[in-house]
Amino acid sequence: MAEPAGPREAPPAEGLGRVLVALYGVFALAAGSRAAVQLATRFSEAPLAYLLSALAAAVYVAAAAGLLRGGRAGRRTALVACLVELTGVLVVGVLSLADRAAFPDETVWSGFGSGYGYVPLVLPVLGLLYLRGQGRAQKSPPPKSPPKSPPPSNPPPKSSPPPP
Amino acid sequence: MTTALVVPTTVVAALLALAGLASTVARRRIGLLHLVLAAVLEALLVVQAVVAGVRLAGDAALPETATFLGYLAGALLLPVAGVLFARTETSRWAGTVLAVPAAAVAVMVWRLLQLWEAGGG
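Identification of chain B as Integral membrane protein from Trujillonella endophytica is taken from an unreviewed UniProt entry.

As annotated in an unreviewed UniProt entry, chain A carries the name Integral membrane protein and comes from Trujillonella endophytica.

Q: What is the right way to look at helix α3 (residues 71-98) of chain A in this model?
A: Since one α-helical turn is 3.6 residues long, residues separated by three or four positions face the same way. Over its 28 residues, α3 of chain A extends 40 Å from the first C-alpha to the last, a length consistent with the 40 Å expected when each residue adds 1.5 Å. Among the residues of α3 of chain A, those classed as buried are Gly 74, Arg 75, Ala 78, Ala 81, Cys 82, Glu 85, Gly 88, Val 89, Val 92, Gly 93 and Ser 96 of chain A.

Q: I tried to follow the UniProt feature "transmembrane region" (unreviewed entry) in chain A on my own but got confused; where do I start?
A: Residues and elements named next belong to chain A. Residues annotated by UniProt as "transmembrane region" (unreviewed entry) correspond here to residues 16-36, 48-68, 77-97 and 109-131. Strand forms 0% of residues 48-68 and helix 100%; the C-alpha atoms that close the span are 30 Å apart. Structurally, residues 109-131 comprises 57% helix and 0% strand, and the distance from its first C-alpha atom to its last is 22 Å.

Q: What is the right way to read the packing of aromatic side chains from this model?
A: The way to describe two aromatic rings as a pair is by their centre distance and the angle between their planes. All names here are of chain A. Taken as a whole and assessed by the stated rule, the structure comprises four aromatic pairs over all chains. Seen in terms of ring centroids, Phe 27 and Tyr 60 are 5.9 Å apart; in terms of plane orientation they differ by 55°. Their pairing is tilted. With Phe 27 in helix α1 (residues 12-42) and Tyr 60 in helix α2 (residues 47-69), the pair connects residues that are 33 residues apart, well separated along the chain. Per residue, the accessibility class of Phe 27 equals that of Tyr 60, and both read buried. Members of the aromatic cluster, connected to one another through ring pairs, are Tyr 24, Phe 27, Tyr 60 and Tyr 116.

Q: What is the right way to look at unusual backbone geometry in this model?
A: Where the residue is not glycine, phi is negative for most of them; where a peptide bond is considered, it is trans in most cases. The backbone of Tyr 118 of chain A sits at a positive phi, close to 60°, despite the residue not being glycine. Checked against the element boundaries, Tyr 118 of chain A lands in the loop between α3 and α4 (119-139). Its identity is not glycine, yet Arg 27 of chain B carries a phi of approximately 55°, on the positive side. When you line up the elements, Arg 27 of chain B lands in the loop between α1 (3-25) and α2 (32-57).

Q: What exactly am I supposed to notice about the nonpolar core here?
A: Soluble globular proteins tend to bury their nonpolar side chains together. Tyr 24, Tyr 60, Leu 67 and Trp 109 of chain A together with Phe 68 of chain B are the most contacted members of the largest nonpolar core, which has 70 residues in total. Sorting the residues of this core by element identifies α1, α2, α3 and α4 of chain A together with α1, α2, α3 (65-87) and α4 (94-118) of chain B as the ones contributing at least two each.

What counts and how
Residues numbered from 1 in each chain as written. Chains lettered and ligands numbered in written order. Predicted model: local features only at pLDDT ≥ 70, side-chain atom pairs only at ≥ 80, totals over all residues. Heavy atoms only, no water. Helix = DSSP H or I, 4+ residues; strand = E, 2+ residues; numbered from the N terminus. Expected span 1.5 Å × (residues − 1). Buried < 20%, exposed > 50% of the residue type's maximum accessible area, 1.4 Å probe, protein only. UniProt positions renumbered as here; feature names shortened; annotations may be inferred. Phe/Tyr/Trp six-rings, centres within 6.5 Å; stacked < 30°, edge-to-face > 60°. Core = buried A, V, L, I, M, F, W, Y, C linked by side-chain atoms within 4.5 Å.

Quick look at the structure:
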């Protein structure tokens, strides 16, 4: 069915990161297309909810891009995006339950993401856990190898061809 | 947009998601099976899009045409994007990477059907 992957080809963390990127990509698409339609066709009905959908989409794109890019800047981008996302889903979740009038139409974050199987609630937590695991892996560098002897600064003199 | 197409699409998408997860559990990369399933899924979605497009161009009218078209375009993109992305992943997680869009398609076709039936199509 599939060719076996070589043993220890890539650290699983990298692969898991890809899974997160795929999830963020799907949600960027879902939130983005929903926001585009809502903003284009009936912005005046519930501007707050629709702008929130657009914000959510932008945050998902930022998280996906940050995770995909990696490195210091990428991880920081993803960290900020995940925090914004977690705050957003919690605040909007509470507000959408408390004040239904402000959210007549669903957003990805309404009801803590209940319209999307609560994935919007779980996703930032997964992202933060993943980023923390990555940060730990980076903070504990592999044991230093003993300093190598410096390479010879001068190439060995060319051996002259043996005299005939 | 009929259940006659939505049900097989869901089945193939679910099989693709399961095959992806299975390859992750088995510590394998994605193989021919995944590509074939993704191709069948994409073909089913294309058929669905053509059928819906023809009927929309005809007399069918939906209350939310823009939303419907947005979901349709998204669903059409997902298997292709999933395969391309999963093939860049060389670890066993490639299968899970592919399972995510497959599961999303399985959900989206039902949402599409809902939007379609709202128009009495």
